[in-house]
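# Geometric and topological summary
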Amino acid sequence: WEDQAPEAVFVGPAPQPDTCTQVVETTALDTHALYFSDLEPSVSGRYFFKLRYPDGREEIIGERVLVFEKAANFRDVGGYRTIAGQQVAWGRFFRSTHLGRLNDSDRDKLTRMGLRTVCDLREDHEVNRSPDMLPSGVTSHRMPIASTDPAGALRIIFARRTLADYFPNHYY
């Protein structure tokens, strides 16, 4: 927060306000940070926090980086604000490096998270070198964006109307 610290912090297993009900005892570290400990284990394996500010507004935040045994740099894209003031939903869109080394534990975690679709942006030679090891029931869509044609990636994205529909300002 930039202006005022929250007056209350609640924790829960999902990014919906009604699931963040457990009160978190906090200690101020400085004007922009709080410290807390002793959270109860989360059924989902994740924690989301509802911050309530003195002016009555509430905000849901969560850990962006998700830890897997064999998948690197797996991140939740949720929580970012749009130009229109809306917020990307937590737990709906993720990004990561390739998923070619997933083990059973990682696949189980993705299943519990409800992963249904993967958009693989790698070129054929990259996929052939390390094909994704996805859980059963997950659909994969190949959308290679690298190209020897400098405009090739943009042509592919805009022609397929996929990622550009979700993140137009990023690709603009």
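From N to C terminus, the chain includes five helices and eleven strands. Considering the chain as a whole, with its 172 residues, one finds that 27% of them fall into the buried category. If you take every contact in the chain between residues at least 6 apart in sequence, the share linking residues at least 24 apart comes to 44%.

When we look at a pair of aromatic rings, we describe it by the centre distance and by the angle of the planes. Inspection of the entire model under this criterion finds four aromatic pairs. Between phenylalanine 36 and phenylalanine 49 the ring centres are 5.0 Å apart and the planes differ by 50°, which places this aromatic pair in the tilted class. Residue phenylalanine 36 is found in the loop between strand S4 (33-35) and strand S5 (48-52), and its partner phenylalanine 49 is found in strand S5; the two are separated by 13 residues along the sequence. Given the relative accessible area of 31%, phenylalanine 36 is considered partly exposed. On the basis of relative accessibility, which here comes to 12%, the residue phenylalanine 49 falls in the buried class. With 4.6 Å between their ring centres and 50° between their planes, phenylalanine 68 and phenylalanine 74 make a pair best called tilted. Over the ring of phenylalanine 10 we find lysine 50; its NZ or CZ atom is 5.0 Å from the centre of that ring. Over the aromatic face of tyrosine 80 sits the side chain of arginine 64, whose NZ or CZ is 4.0 Å from the ring centroid.

Strand order across the open sheet formed by four strands is S2-S1-S5-S6, with antiparallel pairing between neighbours. Strands at the two margins of the open sheet, each flanked by one partner only, are strand S2 (22-23) and strand S6 (58-62). One ladder, built from five bridges, connects S5 with S6; its direction is antiparallel. Within the sheet, the bridge partner assigned to phenylalanine 48 lies in S6 and is glycine 62.

With that settled, the discussion passes to helix H1 (residues 104-113). Those residues of H1 lying buried are Asp106, Arg107 and Leu110. Each buried residue of H1 sits inside an arc of 100° when the element is viewed along its axis, so together they form one side. Facing away from the buried surface of H1 by more than 90 degrees, the exposed residues are Asp104, Thr111 and Arg112. Near the N-terminus of H1, the side chain that reaches the backbone nitrogen of serine 105, with its oxygen 3.1 Å away, is that of asparagine 103.

Once that is clear, we can look at the pairing of S5. Within S5, four of the five residues are buried, which leaves it mostly tucked inside the rest of the structure. With five bridges joining them, strand S1 (residues 8-12) and S5 adopt antiparallel strand pairing. When the sheet's bridge partners are listed, valine 9 is paired in S5 with leucine 51. Two successive antiparallel strands, S5 and S6, enclose a turn made up of five residues, where glycine 56 displays a positive phi of approximately 95°.

The next thing to look at is the environment of aspartate 108. Note on placement: aspartate 108 falls in helix H1. Spatially, the C-alpha atoms of aspartate 108 and proline 135 are 7.3 Å apart, while their sequence positions differ by 27 residues.

Cut-offs used in this document
- Residues numbered from 1 in each chain as written.
- Predicted model: local features only at pLDDT ≥ 70, side-chain atom pairs only at ≥ 80, totals over all residues.
- Heavy atoms only, no water.
- Helix = DSSP H or I, 4+ residues; strand = E, 2+ residues; numbered from the N terminus.
- Buried < 20%, exposed > 50% of the residue type's maximum accessible area, 1.4 Å probe, protein only.
- Contact = heavy atoms within 4.5 Å.
- Phe/Tyr/Trp six-rings, centres within 6.5 Å; stacked < 30°, edge-to-face > 60°.
- Lys NZ or Arg CZ within 6 Å of the ring centre and 35° of its normal.
- Pairing = 2+ DSSP bridges.
- Arc of directions from axis to C-beta.
- Polar contact = N/O pair within 3.5 Å; in protein donor to acceptor, adjacent residues only side chain to side chain.

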